[in-house]
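Each chain, letter by letter, is given below.
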Amino acid sequence: MDTFLATLKALIDNLGATVVLPVIIFFVALILGAKPGRAFRSGVTIGIAFIGINLVIGLMWTTLTEVGQAMVRNTGLQRAVVDVGWPSAAAIAFATRVGLWVIPIAIVVNLVLLFVRFTKTLNIDIWNFWHFAFIGSLVAIVSKSVGMGLVAAAVAAAWALFLADWTAKAIQGFYKVPGISIPHLTTAPGVPFAIAVNWVIEKIPGVNKVEADPDHIQKRFGVFGDPVVLGLVIGLVLGILAFYNAGSFTAVLVNVLKTAMNLAAVMLLLPRMVQILMEGLIPVSEAAREFMKRRATGRDIYIGLDSAILIGHPAAISTALLLVPIAILLSLILPGNQVILFADLAVIPFVVAGFAPIMHGNIFRMVIAGIIELGIGFYIATAMAPTFTLAAGEAGFAIPEGASQITSIADGFLWPPFVFMLLSSWVGVALLGVVVLVLMFLFNRNPTQWERLAGAPEELLQPGAAD
Amino acid sequence: MAQSKRILVACGTAIATSTVVAIAIEEALKARGIDVVTRQCKAAEVKSLAPGYDLIVTTTPVPKDIGIPVIQTLAFLTGIGKEAVIEDIVKALQA
């Protein structure tokens, strides 16, 4: 028996995520009630997606590492952490030892909290369970305990539910999505920033009247919303900084153009690979949705969805377009920052979407809140990068020779993973668990006050108003 | 055989929810013997990509003045009212 277990462990350790995750996904899908054929295809597709993501991350990581090293030699501009984007973060998170188990864990947490009426949200956005896995993976690495990482992932899932409940009416009112809440740990962490910034701006005469026109911004700054062009331009600029003294004119030109094309390719290919991962997860997420709904019937609940459904809104798009150049500027001027922004310039709409209800879609205010959240984010990301990079190694992603450290705006820039990482002990994780339960309790005792704070419109706060 | 109908599926990222919607539409319409081609895009790209498509299905707000029918729905994500939306899509394609 011992030899059998030892063999099994050795097998799992050596096979890596591209094999282990498909097997686990297959069984999870079966248990949730998917048909065997679909479950099998789902598992295989996810394994393929991981191989694809690994290839693209390899290209990006190698290119940016070379560029980063040459840039330090040429300009002394030290930026040791590269932004590999949320698709990479998600793939890494799902492939760690914590990530392998996050789907069943988050489902159980959700059903229990629904059952005891501590939450109203049924989180069917299985894909975004990666945020909980990400937090759990960081905790597991810092504490060297997979068990603690799993508990941290469970606590993170509860936090997402609380934030979703709290902001539900605000989101429903502003974005016109009745019955929906957003348990998304890239969007929800912005709400406290928006509350604070809005409060301050309201107090400043003159500034509290400033508005900006979303259509105009979309026309003028639309180019910042095109990832391929963005990748090409960033590649050109970085390439010139890194290789302007690489020898003959031909050598310089070749290196610069290669860098530009490689980075443009990453911007197009990385999301395509993640699309495959999504496709593979569909049977699991459908099965999970039906499984959870059967166990939560007859209740007045919110359906928890991806904030991707919000960010077509002009307020979110325009704010993000303005924040792209600002964020690049911040990355250059902030003292002590080590992060070079790249792949996650496309994720900024997710970060700002939660601001809109509080600020009534006022883009000027949303940009200010965004600057503050991202500005702090650079320091969080710099501090979290070593652990983030270790997680990538643990998840089986090939780390190039002499590689830079990595991060991503989602969720490497955000406070929830950072708080969890700082409190990576049993006491710390338990504390975060108790705090979220207390918050849920307080919220449910007097939801109206909380909902108003998060920007819910008055007509949804009336007693008996439709949920 | 008539040419396949072309549907543009939009969401915030062109990755996450639009993948779910595109695959659900393809499966549902195939089951009814209707051949469709879908393409995913971001909400901001809808206006420039729309010409040449028969229908736009989106999970997030898109501009209204595009000149082809737009169906904004969360039914493929929540599972609630999915059949009704599929009927709407079929009708829109036949129109």
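This section reports on the structure supplied with the text. What you are looking at is a predicted structure, and each value in this text was computed from that prediction instead of being measured. (Residues numbered from 1 in each chain as written. Chains lettered and ligands numbered in written order. Predicted model: local features only at pLDDT ≥ 70, side-chain atom pairs only at ≥ 80, totals over all residues. Heavy atoms only, no water.)

With the exception of glycine, most residues fall at negative phi, and the peptide bonds are largely trans. Residue and element names in this part refer to chain A. The step from alanine 410 to aspartate 411 runs through a cis peptide bond, and the omega angle for that step is 0°. Among the structural elements, aspartate 411 can be located in helix α15 (residues 409-412). For lysine 144, which is not a glycine, the phi torsion comes out positive at approximately 55°. Looking at the element boundaries, lysine 144 is found in the loop between α6 (130-143) and α7 (146-175). (Helix = DSSP H or I, 4+ residues; strand = E, 2+ residues; numbered from the N terminus.)

Considering only enclosed or pocket space, the largest pocket measures out at about 1400 Å³ in volume. Gly225 of chain A together with Lys42, Ala43, Ala44 and Glu45 of chain B are, among the 49 residues lining the largest pocket, the residues nearest its centre. Elements supplying a minimum of two residues to the lining of the largest pocket: α4 (85-95), α9 (214-221), α10 (227-243), α11 (249-294), α12 (314-333) and α13 (348-352) of chain A together with β2 (36-42) and α2 (46-49) of chain B. When grouped by side-chain class, the residues that make up the lining of the largest pocket number 30 nonpolar, 9 polar and 10 charged. (1 Å grid on protein atoms, 1.4 Å probe; cavity = no way out; pocket = protein on both sides within 12 Å on 5 of 7 lines; lining within 4 Å. Points joined across faces, edges and corners; volume = space filled by probe spheres on them. Nonpolar A, V, L, I, M, F, W, Y, C, P; charged D, E, K, R; others polar.)

Once that is clear, we can look at the sheet that holds strand β1 (residues 5-11) of chain B. Residue and element names in this part refer to chain B. Strand order in the open sheet formed by 4 strands is β2-β1-β3-β4, with parallel pairing between adjacent strands. In the strand order of this sheet, the two ends are held by β2 and β4 (70-72), each with one partner. Neighbour to neighbour, the strand axes of the sheet diverge by 20° on average, direction disregarded. In the packing of helix α1 (residues 17-31) onto the sheet, contacts are made with β1, β2 and β3 (55-58), and the angle to β1 comes to roughly 155°. (Pairing = 2+ DSSP bridges. Axes fitted to C-alpha atoms, helices over the stretch in contact; angles between N-to-C directions. Contact = heavy atoms within 4.5 Å.)

Our next topic: the sheet that holds strand β2 (residues 121-123) of chain A. All names here are of chain A. Ordered in space as β2-β4-β3, the 3 strands form an open sheet in which the pairing is parallel. Among the strands making up the open sheet, the edge pair consists of β2 and β3 (180-181). With 3 bridges joining them, β2 and strand β4 (residues 302-304) adopt parallel strand pairing. Pairing of asparagine 123 across the sheet is with glycine 304, part of β4.

Residue and element names in this part refer to chain A. Position of threonine 45 relative to the elements: it lies in helix α3 (residues 36-75). In the structure, threonine 45 is positioned 236 residues away from leucine 281 in sequence and 8.4 Å away in space, judged by C-alpha atoms. Leaving out residues up to four positions away in the same chain, threonine 45 has contacts with Ile276 and Gly280.

Attention now moves to the interface of chain B and chain A. Listed as interface residues are 25 residues of chain B and, on the opposing side, 27 residues of chain A. Both faces combined, the contact of chain B with chain A buries some 2000 Å², and carbon together with sulfur accounts for 67% of it. Linking chain B with chain A are 1 salt bridge, by the criterion used here. Counting residues per element, the ones that place at least two in the side of chain B that touches chain A are α1, β2 and α3 (75-78) of chain B. For the side of chain B that touches chain A, a count of residues per class yields 13 nonpolar, 9 polar and 3 charged. (Buried area = accessible area lost by both parts, 1.4 Å probe. Salt bridge = Lys/Arg side-chain N within 4 Å of Asp/Glu carboxyl O.)

Pairing of side chains with opposite charge becomes possible as their charged atoms draw close. Residues and elements named next belong to chain B. This model, assessed by the stated rule, comprises 10 salt bridges over all chains. Residues arginine 32 and glutamate 83 are paired through a salt bridge, measuring 3.4 Å at the closest nitrogen-oxygen approach. A residue pair is termed long-range when its members are at least 10 positions apart, and arginine 32 in the loop between α1 and β2 and glutamate 83 in helix α4 (residues 82-94) qualify at 51 residues. By relative accessible area, which is 52% here, glutamate 83 ends up exposed. (Buried < 20%, exposed > 50% of the residue type's maximum accessible area, 1.4 Å probe, protein only.)

Mapped onto the elements, threonine 19 of chain B comes out in helix α1. On the accessibility criterion, threonine 19 of chain B (2% relative accessible area) is buried. At 3.0 Å, the side chain of threonine 19 of chain B forms a polar contact with the side chain of glutamine 40 of chain B. Threonine 19 of chain B has contacts with Gln275, Met278, Glu279 and Ile282 of chain A together with Gln40 of chain B, leaving out every residue within four places of it along the chain. (Polar contact = N/O pair within 3.5 Å; in protein donor to acceptor, adjacent residues only side chain to side chain.)

What follows covers the packing of helix α2 (residues 17-32) of chain A against α11 of chain A. Residue and element names in this part refer to chain A. Relative orientation of the contacting elements α2 and α11 amounts to 35°, with a least axis distance of 8 Å. The handedness of the crossing between α2 and α11 comes out as left-handed. Residues Ile25, Val28, Ala29, Ile31 and Leu32 of α2 lie in contact with α11, whose contacting residues are Leu281, Val284, Ala287, Ala288, Phe291 and Arg294. Taken together, the residues of the contact of α2 with α11 break down into 10 nonpolar, no polar and 1 charged. (Left-handed = near helix turned anticlockwise from the far one by under 90°.)

Before going further, it helps to examine the nonpolar core. Counting residues in each nonpolar core, the largest one holds 199 residues, and the members touching the most others are Ile103, Trp127 and Phe132 of chain A together with Ile7 and Ile89 of chain B. The biggest single contributor to this core is α7 of chain A, with 18 residues. If we ignore the near neighbours within four places in the chain, the residues touching phenylalanine 132 of chain A are Val102, Ala106, Asn123, Ala153, Ala156, Ala157, Ala160 and Leu185 of chain A. With 10 residues, the next largest nonpolar core counts Ala10, Cys41, Tyr53 and Val62 of chain B among its residues. (Core = buried A, V, L, I, M, F, W, Y, C linked by side-chain atoms within 4.5 Å.)

Further remarks concern the pairing of β1 of chain B. Residues and elements named next belong to chain B. Most of β1 is tucked away, with 5 of its 7 residues classed as buried. Pairing of β1 with β2, which is carried by 7 bridges, proceeds in the parallel orientation. Each bridged residue has a counterpart across the sheet, and for leucine 8 the counterpart in β2 is arginine 39. The parallel pair β1 and β2, bridged by α1, forms a crossover whose chirality is right-handed. Bridging between β1 and β3 involves 4 bridges; their strand directions are parallel. Paired with isoleucine 7 across the strands is leucine 55, a residue of β3. (Right-handed = clockwise from strand over helix to strand, strands pointing away.)

Left-over empty space is what a probe sized like a water molecule reveals as it rolls over the atoms. Scanning the entire structure with this criterion turns up 5 cavities of 30 Å³ or more. Its boundaries defined by the atoms lining it, the largest cavity holds a volume of some 210 Å³. As for the largest cavity, its lining consists of 17 residues, and the residues nearest its centre are Ile124, Asp125 and Ser285 of chain A together with Val20 and Leu77 of chain B. When contributions to the lining of the largest cavity are tallied by element, the ones reaching two or more residues are α11 of chain A together with α1 and α3 of chain B. Counting residues per element, the lining of the largest cavity draws most heavily on α11 of chain A, which supplies 6 residues. Of the residues in the lining of the largest cavity, the class split is 11 nonpolar, 2 polar and 4 charged.

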